[in-house]
Structures are given as C-alpha cells and as structure tokens.
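Fold and geometry: a report
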Amino acid sequence: MTSFAIGERDFLLDGEPFRILSGAIHYFRVHPDSWADRIRKARLMGLNTIETYVAWNEHAPSPGVFRTDGSLDLGRFLDLVAAEGMRAIVRPGPYICAEWDNGGLPAWLFTDPTIGVRSSEPGYLAAVDAFMDQLLPIVVERQVTTGGPVILLQIENEYGAYGADKEYLQHLVDVAKRAGVEVPLFTCDQPFGTMIEDGSLPGLHKTGTFGSRADERLAFLRERQPTGPLMCAEFWNGWFDNWGTHHHTTDAAAAAAELDALLSAGASVNIYMFHGGTNFGFTNGANDKGIYEPTITSYDYDAPLAEDGFPTEKYFAFRSVIAKHFPVPAEVPGRRPVAAQAGVELTESVPLLDVPWLGSPAQVVAGAVPAAEATGQYRGFFLYEKVLARSGVLSFTDVRDRAQFFLDGFPLGTLSRELGERSIVIPREGLLQVLVEDQGRVNYGPRIGEAKGLIAPALLDGAEVLDWALRPVDLAPLGDFRQEARELQGFGGVAGPSVSFGSFAADGPGDRYLRLDGWTKGNAFINGVNLGRYWSRGPQRTLYIPGPLVRQGLNELAILELHGSSTRLVGFAGAPDLGPGEK
C-alpha cells in the first residue's frame with residue numbers, strides 16, 4: 001500500500017522524500033473533453049501533481065441536489081490525473097474564493113437569515129455536512145493509500161483572512177476523518193500578520209500563498225511551523241481581470257525567476273494557475289472593496305497554459321526552470337496554430353420583453369420589492385414589473401447589479417451598482433419593467449452571500465411602492481426563443497434587449513474565438529451552451545469556444561444583446577484577444 005506523510009523536512013511518498021510540483025486546473029472551468037489534454041501538458045512542463053478546488057454551488061445548485069455529471073465529474077477528472085501518472089491535491093472548501101460566483105458557497109444557503117457562514121453556526125455546519133457526505137467519498141476512494149492519485153486534502157481556504165473560529169476548523173477536520181480521509185490535511189494562508197495562526201489548527205500542515213519574495217515568505221512560514229516541508233500552495237504567477245480594466249500580465253522571465261527561488265529554497269509549489277480556463281455562463285465572481293468589480297468571462301490568469309490550452313512563453317520559461325532542478329519529459333507541446341478568420345450573420349431576432357413566458361409565470365410578491373432569490377433562480381437575469389399610477393423619482397436602497405428600466409416598452413435608462421446609481425426619473429404613469437442582471441456574486445470578504453436584484457424599499461417620491469411582480473428570465477430553452485424569433489429586415493444592427501440567431505457550418509469540432517465588435521453587452525451561446533458574458537468596455541475582446549462544443553455540419557449561434565448593436569455580424573477571430581496587457 002502506498003503511503004504519503006509529512007516528514008521532518010519533506011513530504012514522504014512511501015517513506016522517500018517527494019517534492020510536490022503542482023499546477024492548478026479547475027475541472028469545472030474546463031470542458032471535460034479537454035481535461036486529459038490539459039493534464040498531459042502539465043506533466044510535459046515538468047509537474048507531477050494537479051490541484052483543484054471543488055465548487056460547492058456547482059455541485060449543489062439547489063437544496064437537496066448533488067450533481068456529478070459532465071464538467072462536474074470530479075471522479076473522472078481525478079482518474080485522468082492518475083492515468084497520466086500524476087498525483088492530485090483536492091481543495092473542497094467549503095469556501096474557495098477562486099474569483100468564482102459567491103466563492104463557491106451556494107446562494108440558496110443565504111436565503112435563511114440565521115445561517116452564519118464560515119463559522120461553527122449549527123445551520124451552516126449541517127449544510128456543510130450534507131455536502132461533504134456526498135463529495136468526500138469521491139475523494140476517499142481515490143486516495144494514494146488505496147491506489148489513487150490524491151495525496152493532500154485542504155481544510156477551508158485562506159481562512160485566516162476571514163476569521164479564527166477554531167471549532168469550525170476542527171469540525172471540518174472531524175468530517176474529513178469520519179469520511180475516511182487518510183492523506184494529510186493542510187491549510188493555506190497568506191504569510192502576513194496572524195493569518196497563518198488564525199487559519200489553522202495544531203496537527204494541520206500549514207502552507208503559504210504568495211507570488212513574490214519567496215525567501216522572505218518562506219522564512220515567515222518557517223517561524224510559525226518549525227518542522228515539516230515548506231510549500232507555497234498558491235504561487236501567483238498571474239492575475240485575474242475585471243471588466244473595464246486592463247488585462248493583467250506578468251513578465252515570463254520575472255515569474256520564472258520567482259519560481260526558481262522557490263525551488264532553490266527546497267520548497268514544494270502549486271502554480272496558481274497552471275491553466276485557468278473559463279467562467280462559462282454566469283459563474284464569474286466579483287470583488288467589492290468599496291467599488292463593485294465583476295470578473296470577466298476569461299479566467300486565463302496569464303497562466304503558463306492559456307485559456308484555450310496552448311502553451312505560452314511563461315510555460316516554456318517555467319519548464320526551463322523546472323529542468324534545472326528535476327527531470328522533465330523530452331516531449332514539448334505544440335504552439336497555437338493560426339486559425340482562419342470568418343463571420344456569422346444573425347438572421348432572426350426576438351425582443352426579450354416580447355417573449356411571453358420568460359422562464360415562468362410572474363409571481364406577485366406582497367409587500368416590499370423582493371430580492372431576486374425569491375424566484376428560486378440564483379444567477380442571471382430577473383424581470384420586475386409594476387404598474388405605476390404617476391410620475392416621480394423612483395429609488396432603491398441598492399441595485400444589484402445592473403438594472404434596465406422600461407416604461408410601456410420604452411427604455412428609460414440603466415442603473416449600475418458599480419457607479420452607485422440608485423434612482424431614476426419616471427416621466428409618467430404606465431407599466432414599469434425592470435430587467436436586472438446579476439453580474440456575479442462577491443467571492444471575497446464580508447459581502448459574500450448578499451441578496452441580488454432590487455433591494456427594498458422602493459420609493460416613488462418617498463412613498464414606498466409595494467406588491468411587485470417578479471419572474472426569473474430562464475435562458476436555457478433557447479429553442480423556445482427561436483420559435484418566437486422573426487427574420488431581421490433591412491440593414492444595420494439589432495435592438496436590445498433581444499435574442500438573435502444565426503448558423504454556421506463546420507467541418508468538425510475545433511476551437512473558435514468569438515469576436516463581438518459592434519455589440520454592446522450580453523451573453524453568447526453556441527448550440528445552446530452559454531459561453532459567458534461579453535462587454536464592449538473590455539478588456540476581453542473575444543469569447544473562447546471550446547472545440548468539443550462545435551459539431552460537424554450546422555451549428556447555432558445565439559446572442560443575448562442587452563442594449564443594441566451596430567451590426568448583425570459576429571466574427572470568428574484567428575486567436576484569443578483579452579485586451580492590452582499591463583504589468
């Protein structure tokens with residue numbers, strides 16, 4: 001039986017020193033047909049381990065549900081890691097941050113105001129236990145002690161930056177051990193202040209998260225943990241992007257020098273990210289440190305392996321550094337081929353507000369304007385409706401996160417949480433419709449779990465407006481939308497909000513890069529799959545289409561455009577474009 005343990009100075013695999021050379025790949029951010037390719041390319045760079053978070057809210061989108069199909073098949077992902085001859089590190093949270101919607105915590109959890117998340121509050125612990133009871137058996141049967149790839153399991157995630165509830169941490173340890181976890185348990189925290197002490201327990205191996213000044217960070221960690229192997233559990237070799245900012249990049253040579261310093265110090269490492277992947281659909285998170293900043297669709301992270309799975313200059317720089325310290329495979333992955341550019345003309349369109357069902361019948365909620373969660377849908381778009389008897393200034397406590405206002409079908413304007421906008425002029429009586437977009441739940445800090453939608457009270461010249469109708473906008477049945485679509489006439493673009501359709505032929509599966517020049521804001525779909533959000537403010541200028549989503553023959557493109565476009569054409573770029581980089 002294989003063993004894995006924490007030694008005086010080293011990780012020990014079957015009693016022999018083992019240096020962890022790991023790379024982060026989040027299985028839920030990568031098309032499952034591409035998992036094997038990404039894992040293999042990690043090995044070819046010289047890595048011996050794959051690390052992944054587990055996104056609770058993806059596996060449990062509603063209470064009592066636990067999904068492991070498609071891109072959520074963690075067992076299959078870990079089996080592919082093993083098939084490549086590599087080890088695995090699993091980080092199940094339950095909180096993961098990861099620039100992921102709500103930091104991985106299910107939004108339905110917060111509909112109970114008594115829940116105290118990331119703490120030993122009983123209601124929260126009961127929900128965590130139900131999740132872990134479903135998840136941990138997948139990991140337990142794939143531990144290295146039973147012939148599988150898993151060598152480490154993380155408890156919580158950078159908890160010292162949030163709290164210091166030792167009872168909570170001990171509960172997570174007890175749950176893991178009851179489930180049969182035999183591999184070592186560890187925590188990771190930033191090497192600053194008291195975060196490492198606050199975020200861990202005696203008996204748990206402590207690791208750090210940082211991207212520079214390796215010798216200083218490792219010395220800080222060693223002071224707080226005199227024995228055991230040193231490890232940077234998140235070596236930040238890049239960064240994520242928010243809408244309206246530049247594309248973050250780091251110099252490949254400088255990042256490689258930092259990696260060299262880590263390895264020269266004898267430390268183990270997990271490269272965060274080795275391959276970032278994509279925030280498909282409505283899965284992106286957001287930051288809010290005074291200003292709300294939603295994360296873009298691409299999670300490329302300026303990683304060694306780009307969003308579409310091709311090696312970058314950083315990949316080869318890291319490979320050269322690893323080769324100084326450890327053997328690397330002779331095989332080198334090929335670079336991205338130049339793809340032909342093309343375009344698709346959208347030929348049919350339907351105004352969104354004209355679709356008679358919009359997902360489900362409107363629910364009239366008595367009393368104050370309700371939060372979006374009252375619909376039972378926790379992501380995407382929501383439609384509020386109210387017949388107003390007079391004009392005035394309509395205001396809300398907050399708008400989360402972006403609201404378009406229509407009076408008898410005519411646009412009045414948009415309120416944005418990012419800009420702190422909370423009031424709009426209503427010029428006359430009529431049917432008010434408010435299309436609200438959840439742009440991504442905050443994934444870090446005290447604003448995790450906050451409600452979405454229009455936040456009460458709604459006041460018209462100071463008098464509260466009650467009894468609103470509310471419905472979720474379910475975009476899943478695109479075929480139903482197409483049945484309502486009509487052929488576009490004349491020239492020019494399309495109006496918004498609308499859903500427009502077009503088709504293109506393909507010889508077979510293959511990556512594409514959708515370019516939406518002339519379009520404003522919305523979501524794009526290929527053969528019914530939500531690729532994610534686009535926005536003309538950038539920095540992201542293309543949306544990645546994983547090759548397996550494209551089929552031989554005719555393919556359907558659908559565009560949800562919120563404001564209107566200047567064109568009916570959507571381009572296929574020759575390569576991904578995430579906007580101008582800045583160091």
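Here is a short report on the structure shown in this document. (Residues numbered from 1 in each chain as written. Predicted model: local features only at pLDDT ≥ 70, side-chain atom pairs only at ≥ 80, totals over all residues. Heavy atoms only, no water.)

Scanning the chain from N- to C-terminus turns up 10 helices and 37 strands. Taking 583 residues into account, the globule formula puts the C-alpha radius of gyration at 25 Å, and the chain, at 25 Å, falls close to it. Reported as C-alpha extents along the three principal axes, the dimensions of the chain are approximately 75 × 55 × 40 Å. A sequence separation of at least 24 residues applies to 79% of the contacts in the chain between residues at least 6 apart. As presented, the chain carries roughly 21,200 Å² of accessible surface, and 52% of it is formed by carbon and sulfur atoms. Positive and negative side-chain charges of the chain, numbering 50 and 72 respectively, have mean locations separated by a distance of 3 Å. (Helix = DSSP H or I, 4+ residues; strand = E, 2+ residues; numbered from the N terminus. Rg over C-alpha atoms; globule rule 2.2 N^0.38 Å. Contact = heavy atoms within 4.5 Å. Areas by Shrake-Rupley, 256 points an atom, 1.4 Å probe, with all protein chains shown as cover. Lys, Arg positive; Asp, Glu negative; His and termini not counted. Charge placed at Lys NZ, Arg CZ, Asp CG, Glu CD.)

To continue, consider the packing of helix H1 (residues 35–44) against helix H3 (residues 74–83). Two packed helices can be described by the angle between their axes and the distance between those axes. At a minimum axis separation of 10 Å, H1 and H3 run at an interaxial angle of 40°. For H1 against H3, the interelement crossing comes out right-handed. Of H3, the residues touching H1 (which contributes Trp 35, Ala 36 and Ile 39) are Arg 76, Phe 77, Leu 80 and Val 81. (Axes fitted to C-alpha atoms, helices over the stretch in contact; angles between N-to-C directions. Left-handed = near helix turned anticlockwise from the far one by under 90°.)

Note that Asn 57 resides in helix H2 (residues 56–59). We classify Asn 57 as buried; its relative accessible area is 6%. Within the structure, the side chain of Asn 57 is placed 3.1 Å from the side chain of Trp 100, a separation counted as a polar contact. Excluding residues that lie within four positions of it along the chain, Asn 57 makes contacts with Trp 100, Asp 101, Asn 102, Gly 104, Leu 105, Pro 106 and Arg 379. (Buried < 20%, exposed > 50% of the residue type's maximum accessible area, 1.4 Å probe, protein only. Polar contact = N/O pair within 3.5 Å; in protein donor to acceptor, adjacent residues only side chain to side chain.)

Here we take up the side chain of His 171. Tracing the sequence through the fold places His 171 in helix H5 (residues 166–179). Accessibility expressed as a relative area gives 18% for His 171, which makes it buried. Excluding residues that lie within four positions of it along the chain, His 171 makes contacts with Leu 125 and Asp 129.

Attention now goes to unusual backbone geometry. Across residues other than glycine, the phi torsion is negative in most instances, and most of the peptide bonds are trans. Cis geometry marks the peptide bond from Gly 93 to Pro 94; its omega dihedral reads 20°. As for its placement among the helices and strands, Pro 94 is situated in the loop between strand S6 (87–91) and helix H4 (122–140). With an omega of 15°, the peptide bond between Arg 400 and Asp 401 qualifies as cis. Within the element layout of this structure, Asp 401 appears in the loop between strand S20 (398–400) and strand S21 (402–407). A positive phi angle, close to 55°, is found at Glu 156, a residue other than glycine. Tracing the sequence through the fold places Glu 156 in the loop between strand S7 (150–154) and H5. Given a relative accessible area of 0%, Glu 156 falls into the buried group. Of note, Asp 408 is a non-glycine position whose phi angle comes to about 50°, a positive value. By the element assignment, Asp 408 lies in the loop between S21 and strand S22 (410–416). According to the relative accessible area criterion, Asp 408 is partly exposed, its value standing at 39%.

The strand order S15-S36-S31-S34 describes an open sheet built from 4 strands, whose pairing is antiparallel. Edge strands, defined here as strands with exactly one partner in the open sheet, are strand S15 (342–345) and strand S34 (542–545). Across the sheet, the axes of successive neighbouring strands diverge by a mean angle of 30°, strand direction being ignored. Note that S15 and strand S36 (residues 569–572) share 4 bridges and pair antiparallel. Among the inter-strand pairings, Val 344 is bridged to a residue of S36, identified as Val 570. (Pairing = 2+ DSSP bridges.)

As judged from the 2 bridges shared by strand S16 (residues 348–351) and strand S29 (residues 486–487), these two strands associate in the antiparallel manner. Paired with Ser 349 across the bridge in S29 is Arg 486.

This part covers the state of the cysteines. Two cysteines, two sulfur atoms, one covalent bond between them: this is a disulfide. Inspection of the entire model under this criterion finds 0 disulfides. Cys 97 takes part in no disulfide bond, and the closest cysteine sulfur, belonging to Cys 188, lies 10 Å away. In this model Cys 232 remains outside any disulfide bridge; the closest cysteine sulfur is found in Cys 188, 9.2 Å from its own. Judged by its relative accessible area of 0%, Cys 232 is buried. (Disulfide = S-S within 2.5 Å.)

Ordered by their spatial adjacency, 6 strands build an open sheet running S17-S28-S18-S24-S21-S22, and the pairing between neighbours is antiparallel. Lying at the two open borders of the sheet, with one neighbouring strand each, are strand S17 (363–365) and S22. With direction set aside, neighbouring strand axes in the sheet form an average angle of 25°. By the bridge criterion, 6 bridges tie S21 to S22 in an arrangement that is antiparallel. Across the sheet, Leu 407 pairs through a bridge with Phe 410, a residue of S22.

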